Amino acid sequence: MYKFSASKKKSPKGHAQLLGSGSILNKVLAARDILEKDYNIAVDVWSVTSYKELHYEGIKVERENMLNPGKQIKLPYAAEVLKDAKGVFIAASDYVRAIPESIARWVPGELFTLGTDGFGRSDGRRHLREFFEVDERYIVLAALHQLKKEGKIKADVVKKAIKDMDINPKKADPIIS
Amino acid sequence: MSDEKNQTYSNEEVDLETKEWLESLDYVIEHGGPDRVKELLSELQQRVYSAGIRMPFTANTPYINSIPVENQPAYPGSREIERRIKSIIRWNAMAMVVRANRVENGIGGHISTYASAATLYEVGFNHFFRAPKDDFNGDIIYFQGHASPGIYARSFLEGRLSIQDLKNFRHEVHTSGRGLPSYPHPWLMPDYWQFATVSMGLGPIMAIYNARFNRYLEDRGLKPVNDEKVWAFLGDGETDEPEALGAISLAARANLDNLIFVINCNLQRLDGPVRGNGKIIQELEKVFRGAGWNVIKVVWGSDWDSLLAQDKDGLLVKRMGEVVDGEYQNYVVKGGAHLRKHFWGKYPQLLKMVEHMSDEQLAKLRLGGHDPEKVYAAFNAAVNHKGSPTVILARTVKGYGLGEAGEGKNITHQQKKLNEEELRHFRSRFGIPISDEDIDTVPFYKPDKDSPEMKYLHEQRKKLFGYVPSRRMKSDPIKKLDEKIFDEFYAGTEDREVATTMVFVRILAKLLRDKEIGKLIVPIVPDEARTFGMEALFRQVGIYSNVGQLYEPVDRESLLYYKEAKNGQILEEGITESGSMSSYIAAGTAYSTHNVNTIPFYVFYSMFGLQRIGDLVWAAGDMQARGFLLGGTAGRTTLAGEGLQHQDGNSHLLAYPYPNLKAYDPAFAYELAVIIQDGIKRMYIDQESIFYYITVMNESYAQPAMPKTKGTKEGIIRACINSVHQRKNHQRDMRNC
């Protein structure tokens, strides 16, 4: 994982760290632009090429820490590179959520994940991403939702965003539909 | 029609006509020879067919040995010394399992598989299995996993394993020194086992593709034409796994006469008979002959030769053919009197044939798979057969020699304990010099190093160039890749929209053109090359075919025509992920089997990778197969239109459990380039025991240039501290990250 782009915002309302992989990274970049432009949120984007590598490195470092109580605690790579990252953390990929969840405890903050759990449908990319809630609108919504929880923005902003972005809150959950 | 005509014949006329025909045939057999007989029968068959009469099809031959006794070669070794060696190995193999279970109840292990297969292996070890020597890479042997105690027991006699090793069978963790793994696992014994065979069915399919890959390497000039044989030992019950038989037609189509299957037909699997109501040997004969294999049945031992010689009217052969396997199992368990009554007693003439023999003599009439002369004849015929692969169907008894402890019984597969009386029986039956006082400790036995047994054993192995199994751990590394190959991918595409699948194909095409490693690249596809835009490679490097191209391809006029060639580089496997993965394993382990650093790139529909053939990938990890698995058109929402069973959002999660599999989901061209470049270095220069799973997608977008930020490359490829992890006793390298 590495930082693909850093925000240049001077006085944002809040900060968001967006993690993306594969072709969904493009949706993350689109979400970044919306968050920065429409909501004045400073967004850094991280490209995560392998959650598996991060996961295994993390449990390896933790094991070494556990077995060497006398030594200084080491940080797993994910924690190390994210240690100065501010704000909320959103991960989006084209795979099931369990994958980004596997590094959640080394993220310095709650990691909110978006993914493609469920049997799915046959359709075009745009509709599939809407169905699985991994397009830029849902990434924006996830970030706003988490920022609301942090008290950085008000609930009305999130409500309005749902309306503005034409998201149907009564939509069926893709995991069970 | 035929019925009507038949009615015009009287019984006498029928008999007379049959007699005339048989006499004519006898005349031709005597004067014309076998070839003339075949020619004549073929003519007759054609005439019958032309007359509109359809003959019933059968691919079966009678239930007797395929090699008649008069065609048996003289046995080239000492039967007596070999018998003693084999007996000692039997004892030690049994002792290993019994002792392991005394130390720890329930630790498991199998006595009865090796007990049934001992003669098959020992004839191989004494006369056939060739070790590597100079530029001969050694025969490739897939040992049946459940027989591992017997293979260890032989290595113990050869001095390759110690008493302590044998004591540590199935005790790899809580002992000092080297433990012996339950089954063949190269990960656990990287200088010994080559192939992971114990997930049943995988050994045979991997063997087929390995035999084909040997030919591929020879046809492409990557290894000398030495015709190393590939032996696959498997169980009859194992053939119910679809993988075991699923690729046998490829073996025949590719004329793999370097391939020999030995199927140990002890008629039993774990729960009960393999085919209680049928005959597994006959069933397999039909299947393999139908697929174009050379089938050698080894059903009966030499004890039966004289009886069969007396069988002028074919009644004994008839009886042999009509008894089902469930009954044959009864004959083993219930003894000579039962056998006389139920087998021989069916026809009075047969009963008369054996009236001079005692019940005990009847019970001891040996089966083919336990008779070294019969087994030698079969192996010898197999290694000399040309034009097609060979399968040997050897009839044996499961738990042979265990007596009351389990010979032929349904519980025998699970038998791990023998009481004192059973141990004594075993010892006396095989003549192991262990006293009654010592018997209960089940001591391992090794004859003095100057004994005839030990001298013979080493001499035979010396003639066959050394000891097996043995695995090469290190190969000659490749030269460092030219960084320039990847520059264009680091630069990005500006506004030009491309998909990572296209980027991958471009990287592959450039690697194929590279002077150093181009020839080592092995692209493997299961009929999806066009899906991934790889069809340009057809023309560039050709599709491998052992016969070249015997037709003009329909698209010959186009630039990118479907080119097959004897030196073609692409393995176009057709619609078989299991087969393609087996090819990948053969190519990915060639560094070890042939000291050739072939670099497989197996490109497949990502949903039909780990989800479909995960067990083979697990075996690949165990065998430390190197290379790249490319999951194409990946991503549950990125692959449009294909729906529920194609759109993959699972494979990266499924990649987690494979400890040495690196899994990457890159977004951009430069990420993909960095990962592949680093992978080639780590696997083929640093020789790490890792392999790669990378997903590529078919969504086109502008590919950005690689950010100049420090740490980007490292961030792309790894998240780890580089530390070489070494296991005790051997040097298998894997950075633990």
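Residues numbered from 1 in each chain as written. Chains lettered and ligands numbered in written order. Predicted model: local features only at pLDDT ≥ 70, side-chain atom pairs only at ≥ 80, totals over all residues.

From N to C terminus, chain A includes seven helices and five strands. Taken from the N to the C terminus, the helices and strands of chain A come in the order β-β-α-β-α-α-β-α-β-α-α-α. Viewed in the frame of its principal axes, chain A has a C-alpha envelope of about 55 × 40 × 25 Å. Counting over 177 residues, chain A shows a buried share of 50%. Across chain A, contacts joining residues at least 24 apart in sequence account for 66% of those joining residues at least 6 apart. (Helix = DSSP H or I, 4+ residues; strand = E, 2+ residues; numbered from the N terminus. Buried ≥ 20, exposed ≤ 12 C-beta atoms within 10 Å, placed from the backbone. Contact = placed C-beta atoms within 7 Å.)

What follows concerns the overall build of chain B. In terms of regular secondary structure, chain B is built from 27 helices and 17 strands. For chain B, the C-alpha radius of gyration of 29 Å lies close to 27 Å, the compact-globule estimate for 737 residues. Dimensions of chain B along its principal axes, counting C-alpha atoms only, are 95 × 75 × 50 Å. A total of 737 residues make up chain B; the buried ones form 48% of that total. Considering only contacts in chain B between residues 6 or more positions apart, those separated by 24 or more positions represent 77%. (Rg over C-alpha atoms; globule rule 2.2 N^0.38 Å.)

What follows is about the sheet that holds strand β1 (residues 2-5) of chain A. Within a beta sheet, neighbouring strands are joined by backbone hydrogen bonds and run either parallel or antiparallel to one another. Residue and element names in this part refer to chain A. Here we have five strands laid out as an open sheet, ordered β1-β3-β2-β4-β5, and mixed in their pairing. Edge positions in the sheet fall to β1 and β5 (111-114), since each of these pairs with one other strand and no more. The mean angle between the axes of side-by-side strands here comes to 30°, regardless of whether they run parallel or antiparallel. In this sheet, strand β4 (residues 88-92) lies alongside strand β2 (residues 14-20) in parallel orientation, the contact comprising five bridges. (Pairing = 2+ DSSP bridges. Axes fitted to C-alpha atoms, helices over the stretch in contact; angles between N-to-C directions.)

The interface is formed by 39 residues belonging to chain B together with 40 residues belonging to chain A. Residues that form the side of chain B that touches chain A fall into these classes: 17 nonpolar, 15 polar and seven charged. (Nonpolar A, V, L, I, M, F, W, Y, C, P; charged D, E, K, R; others polar.)

Right, let's talk about the pairing of strand β7 (residues 521-525) of chain B for a bit. Residues and elements named next belong to chain B. The buried fraction of β7 amounts to five of the five residues, a majority that puts the element mostly inside the structure. Side chains Ile521, Pro523 and Val525 project from β7 onto one buried face, and the interleaved Val522 and Ile524 project onto a second face that is buried too. Strand direction decides the pairing type here: β7 and strand β11 (residues 599-605), joined by four bridges, are parallel. Looking at β11, one finds that Val522 is bridged to Pro600.

Let us look at the sheet that holds strand β10 (residues 571-572) of chain B. Residue and element names in this part refer to chain B. Read across the open sheet, the six strands follow the order β10-β7-β11-β12-β14-β13; overall the sheet is parallel. In the strand order of this sheet, the two ends are held by β10 and β13 (661-664), each with one partner. Sheet analysis places β13 next to strand β14 (residues 691-695), joined by four bridges and oriented parallel. By the bridge assignment, Ala663 is partnered in β14 with Tyr693. Lying over the sheet, helix α26 (residues 669-685) contacts β11, β12 (628-632), β13 and β14, oriented at roughly 170° with respect to β14.

With that out of the way, let us pick up the packing of helix α4 (residues 112-127) of chain B against helix α16 (residues 372-384) of chain B. Residue and element names in this part refer to chain B. As a packed pair, α4 and α16 sit with axes 10 Å apart at the nearest point and diverge in direction by 60°. It follows that α4 is oblique to α16 by the angle criterion. α4 and α16 meet at a crossing whose hand is right-handed. Contacts from Thr119, Leu120, Val123, Gly124 and His127 of α4 reach α16 at Pro372, Val375, Tyr376 and Phe379. For the contact of α4 with α16, the per-class residue count stands at six nonpolar, three polar and no charged. (Parallel < 35°, antiparallel > 145°, perpendicular 65-115°, else oblique. Left-handed = near helix turned anticlockwise from the far one by under 90°.)

Cis peptide bonds are those with omega within 30 degrees of zero, and the linkage from Val468 of chain B to Pro469 of chain B qualifies with -5°. Backbone geometry places Asp166 of chain A, a non-glycine residue, at a positive phi of 60°. Along the chain, Asp166 of chain A turns up in the segment after α7 (155-164). Positioned with a positive phi, Asp527 of chain B is a non-glycine residue whose angle comes to about 55°.

Our next topic: the confidence of the model for chain B. Residues and elements named next belong to chain B. Confidence in the prediction for chain B averages 93 pLDDT; 96% of positions are at 70 or higher. This stretch, residues 720-731, has a pLDDT under 50; its non-local contacts, to residues over four places away or in other chains, come to 20 contacts. Long-range and interchain partners of residues 733-737, a stretch whose pLDDT sits below 50, account for 26 contacts in this model, where long-range means more than four residues apart. Scored as a whole, the predicted complex attains pTM 0.94, and scored at its interfaces, ipTM 0.98. (pLDDT = per-residue confidence, 0-100.)

Let us look at the environment of Leu520 of chain B. Residues and elements named next belong to chain B. By the element assignment, Leu520 lies in the loop between α20 (500-513) and β7. Distance in space between the C-alpha atoms of Leu520 and His385 is 31 Å, their sequence separation being 135 residues. Beyond its immediate sequence surroundings of up to four residues, Leu520 is in contact with Asn597, Thr598 and Ile599.

Residues and elements named next belong to chain B. Between the first and last C-alpha of helix α22 (residues 577-588) there are 16 Å, a value that for 12 residues agrees with the 16 Å anticipated at 1.5 Å per step. Of all 12 residues that make up α22, 11 are buried, and the element is covered over most of its length. Turning to α22, its buried residues number three or more, namely Ser578, Gly579, Ser580, Met581, Ser582, Ser583, Tyr584, Ile585, Ala586, Ala587 and Gly588. (Expected span 1.5 Å × (residues − 1).)

With respect to the element layout, Ala669 of chain B can be found in helix α26. Beyond its immediate sequence surroundings of up to four residues, Ala669 of chain B is in contact with Phe489, Gly492, Thr493, Thr500, Val503 and Gln703 of chain B.

Helices that pack against each other are described as a pair by the angle of their axes relative to one another and the distance between those axes. Residue and element names in this part refer to chain B. Running from amino to carboxyl end, helix α3 (residues 79-103) crosses helix α18 (residues 452-463) at an angle of 95°, the nearest separation of the two axes being 9 Å. By the angle between their directions, the pair α3 and α18 is classed as roughly perpendicular. Across the interface between the two elements, Ile81, Arg84, Ile85 and Ile88 of α3 pack against Pro452, Glu453, Tyr456 and Leu457 of α18. A per-class count over the contact of α3 with α18 returns six nonpolar, no polar and two charged.

We now examine the pairing of β14 of chain B. Residue and element names in this part refer to chain B. Counting buried residues in β14 gives five out of five residues, a clear majority hidden from the surface. A two-sided burial pattern is seen for β14, the buried positions comprising Phe691, Tyr693 and Thr695 on one face and Tyr692 and Ile694 on the other. Where β12 meets β14, four bridges bridge the pair, whose relative direction is parallel. Its bridge partner lying in β14, Leu629 is registered against Tyr693. Handedness of the crossover joining β13 and β14 through α26: right-handed. (Right-handed = clockwise from strand over helix to strand, strands pointing away.)

Below, the discussion takes up helix α7 (residues 202-219) of chain B. Residue and element names in this part refer to chain B. Taking 1.5 Å per residue as the helical rise, α7 with its 18 residues ought to reach 26 Å, and the 25 Å between its terminal C-alpha atoms agrees with that figure. Among the 18 residues that make up α7, 16 are buried, leaving the element largely enclosed by the rest of the structure. Phi for Gly221, located one or two positions after α7, is positive at around 75°.

Residue and element names in this part refer to chain B. Mapped onto the fold, Met454 is located in helix α18. Through-space distance from the C-alpha of Met454 to that of Ile85 is 8.0 Å; in sequence the pair is 369 residues apart. Discounting residues that sit within four places of it in the chain, Met454 has contacts with Pro447, Asp448 and Lys449.

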